[in-house]
Amino acid sequence: FAFVDLRDRYGITQVVFPKDGADEAGLERYQLAKGMGREYVVKVTGKVVERIAKNKDRETGEIEIVAESIEVLNASSTPPFKIEDVTDANEDTRM
């Protein structure tokens, strides 16, 4: 499996890209997901399913999306710090 954390207006939702048993298109999605950076802008469609291993720390932690398609809308270099509400990066780094 490849996993991508998708940030949207609902919070962060895990997107799953299965490798085992995948057809050619599924393997392409898997490889694309494995090579994506932290702040890529993507468009994903898929099936929302209940997570087997729930994540109580996330508002969306009871579900995940099994990807059926993915499109990179904008690739991004890895930023020097995580994009979060609270960060330990100093102001000079953030500017």
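Keep in mind it's a predicted model, so treat the numbers as computed, not measured.

S.K.: Help me understand the sheet that holds strand 1 (residues 2–8), please; the structure alone is not making it clear to me.
M.R.: Either a parallel or an antiparallel arrangement is found when strands of a sheet pair, and the pairing is made through backbone hydrogen bonds. Taken in spatial order, the four strands line up as 1-2-4-3 in an open sheet, and their pairing is mixed. The strands lining the two open edges of the sheet, one partner per strand, are strand 1 and strand 3 (41–50). Each neighbouring strand pair of the sheet contributes to a mean axis angle of 45°, computed without reference to strand direction. In the packing of helix 1 (residues 24–34) onto the sheet, contacts are made with strand 1, strand 2 (11–17) and strand 4 (63–74), and the angle to strand 4 comes to roughly 75°.

S.K.: Just checking my understanding: could you explain the side chain of Glu64 for this structure?
M.R.: Along the chain, the position of Glu64 falls in strand 4. Look at Glu64: it is buried, it has no salt bridge, and the nearest opposite charge is Arg51 at 4.0 Å. A polar contact of 2.8 Å, which involves the side chain of Glu64, links it to the side chain of Gln14. What Glu64 contacts, discounting residues up to four positions off in sequence, is Thr13, Gln14, Val16, Lys47, Val48, Val49 and Arg51.

What counts as what
- For every chain, the first residue of its written sequence is number 1, and the numbers climb from 1 along that sequence.
- Totals for whole chains, interfaces and linings use every residue, but because this is a predicted model, local features are given only for residues with pLDDT of at least 70 and side-chain atom pairs only at 80 or more, for both listing and counting.
- Only hydrogens and water are set aside when side-chain values are computed; all heavy atoms of the structure are taken into account.
- For two strands to be treated as a pair, DSSP must find at least two bridges joining them.
- Runs of E in the DSSP output that reach at least two residues are strands. Runs of H or I that reach at least four are helices, and both are numbered from the N terminus.
- Fitted lines through C-alpha atoms give the axes, limited to the stretch in contact for helices. The angle between two N-to-C directions lies from 0 to 180 degrees.
- A contact between two residues is defined here by any heavy atoms of the two lying within 4.5 Å.
- When accessible area is computed with a 1.4 Å probe and restricted to protein chains, residues below 20% of their type maximum are described as buried, those above 50% as exposed, and intermediate ones as partly exposed.
- The charge count includes Lys and Arg as positive and Asp and Glu as negative, but it does not include His or the ends of the chains.
- What counts as a salt bridge is simple: a side-chain nitrogen of Lys or Arg found within 4 Å of a carboxyl oxygen of Asp or Glu.
- Under the rule applied, a polar contact is a pair of N or O atoms within 3.5 Å (in protein, one hydrogen donor and one hydrogen acceptor; residues adjacent in sequence only if both atoms are side-chain atoms).

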